[in-house]
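Here is what each chain is made of, one letter per residue.
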Amino acid sequence: MNSNITPTNERLTDTTERNQAWAEISKFVVERVGADTYERWFTNASVFDISDTLVEVIVESDTHQLWVETNYMPELQAAVNDFFGDNHVVSVIVDLDESALVVEDESTKGQKKSNTSKKAASRSPEQEKAFEKKLKASGLNPQFTFNRFVVGHSNEFAHAACSAVAEQRGLTYNPLFIHGSSGMGKTHLMHAIGHERLQRDPDAKVVYMTCEKFTNEFIDAVRKGDLTKFRNRYRNADLLLIDDVQFLAGKERSQEEFFHTFNTLLDLQSQVVLISDRPACEIKNLEPRLVSRFECGLTVEVQQPQMETRMAILQRKMDEWDVNLNEELIEFLAKRIRTNIRRLEGGLVRLATYASLGSDCVSLERAESLLKDILREEGAKQVTISAIQKTVSEHFDVKVSDMTGRRRPANIAYARQVAMYLSRKLTRCSLMEIGEAFGGRDHGTVIHACKKIAKESDNEMQVRSTVEMLDSMLMK
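All values reported here derive from a predicted model rather than from experimental measurement.

**Q** Sorry if this is basic, but what is going on with the side chain of R424 here?
**A** Relative to the assigned elements, R424 resides in helix α20 (residues 410–426). For R424, a relative accessible area of 15% corresponds to the buried category. Among the polar contacts listed, one links the side chain of R424 to the backbone oxygen of C429, at a separation of 2.9 Å. Residues in contact with R424, not counting those within four places in the same chain, are H179, P279, E282, C429, S430, L431, I434 and C450.

**Q** Quick question: what am I supposed to make of the pattern of salt bridges here?
**A** Pairing of side chains with opposite charge becomes possible as their charged atoms draw close. Per the counting criterion, the structure on display carries 21 salt bridges. Between R231 and E257 there is a salt bridge, with its nearest N and O atoms 3.0 Å apart. Of the two residues, R231 is situated in helix α10 (residues 227–235) and E257 in helix α11 (residues 252–267); the sequence distance between them amounts to 26 residues. Accessibility expressed as a relative area gives 4% for E257, which makes it buried. R235 is the salt-bridge partner of E257, the closest N and O atoms lying 2.9 Å from each other. Linking E257 in helix α11 with R235 in helix α10, this pair joins segments that are 22 residues apart in sequence. Like E257, the residue R235 is buried in the burial classification. Within the structure, one salt-bridge network assembled from shared partners comprises R148, K317, E320 and E345.

**Q** What am I meant to see in the nonpolar core here?
**A** Considering soluble globular proteins, one finds that nonpolar side chains tend to be buried as a cluster. Judged by nonpolar contacts, the single largest core of 56 residues is most densely connected at W22, I25, F42, L176, I193, L241 and V273. Per-element tally for this core: the top contributor is helix α7 (residues 156–166), with seven residues.

**Q** Teacher, can you tell me more about unusual backbone geometry here?
**A** Among all residues except glycine, the phi angle is most often negative; among peptide bonds, the trans geometry is most common. Here the residue pair N174 and P175 is connected by a cis peptide bond, since its omega of 0° sits within 30 degrees of zero. Topologically, P175 is positioned in the loop between α7 and β6 (176–179). Phi at N285 is positive, roughly 60°, even though this residue is not glycine. Considering the arrangement of structural elements, one finds N285 in the loop between β9 (271–276) and α12 (288–294).

Thresholds, definitions, all that
- Residues numbered from 1 in each chain as written.
- Predicted model: local features only at pLDDT ≥ 70, side-chain atom pairs only at ≥ 80, totals over all residues.
- Heavy atoms only, no water.
- Helix = DSSP H or I, 4+ residues; strand = E, 2+ residues; numbered from the N terminus.
- Buried < 20%, exposed > 50% of the residue type's maximum accessible area, 1.4 Å probe, protein only.
- Polar contact = N/O pair within 3.5 Å; in protein donor to acceptor, adjacent residues only side chain to side chain.
- Contact = heavy atoms within 4.5 Å.
- Salt bridge = Lys/Arg side-chain N within 4 Å of Asp/Glu carboxyl O.
- Core = buried A, V, L, I, M, F, W, Y, C linked by side-chain atoms within 4.5 Å.

What follows is the structure, given as structure tokens:
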């Protein structure tokens, strides 16, 4: 044991001892994770408590806690062991003054509300009117706030990152790139960032718009010869929120303008938040320099919500809309509509409207009839990675175990790449999940496979025909 600090069962109140402990532990952390990683994730950490068996390390936000626990716990534990010996367990906690509050009663389990979003500082009617005008001018939806966003396992990291950006906790998250399938709540989070920033600083220049609108305004400015006004609007923003950046694909002049706007804002230390339906590296016909810029900050994914999160969303919406459906119907909706939050809310609206117009209780049979189009869309065949592996292995005459193993002969490697490409295209699995299904490969391997097969499909008729045939077989 290298420590000169005596652990105790009582919480340490001596700031000097805590600071001394962290200063020593930090040296070991830097050795293991490197200076850049330490600077990003551990700079503002400290020791909060030391007992006979436990060392509590406090970090500044939910994002830091989640990232450290997910990626650097072995290194942090080893650093604590180097200092205290092997009889201590390390725990990462969040500064309570900065953290979000978690609500976990039965009706809203999994829901998380931002402390800062709850404050709702009292404003006079005139101030409230001015604030609403500011929201409208910024392009923000006043309904999309953090305290209206239900947090679950599928979106907690994205929520924590967005909260950190809204509270301006440094430049670690600039740009913040959020991706995920349609209807997962990405736009809600983006609007919430803008709303929170204006709550904190009503004089901040916040601009929200879709990438399509950015492109159309740029074309219009070129046509009118009024680029200066266009550039002043975006390049002087304190917070720029751009939705659907995949729309830039193939638009060379718009990409050029966006590239310079992006660089100007980052040079001015203004915050940029971007939303896409896929990772930046998977947006076809997007300039490599833009992909590089988009990936230089923090990238987070919003995934399909789990059952408990879907239940919490429905309960929250019923409270907001002042409607009441029985528990059986809510569970029916949450079980049958899994992949799209907008579709889930649409189903609730339809049942609630029917219930309000009639005196009879809505039965499950009636609900199924009312929602038949939504359920038909939701019930479309869900392709699994295992099904893809089986189909591809049969076509290329290789074993599934070969595709998930470490062997790398050309025929196996190619079949594996095709299967990875189809898994990314036909499932909602993340890059990490796909890599794990193929023998624990990292997301970079999956990205390479997807890019390779996509390029070959574009350029080679035989490859395109093979991929289309396999796609058709899987979707039957």
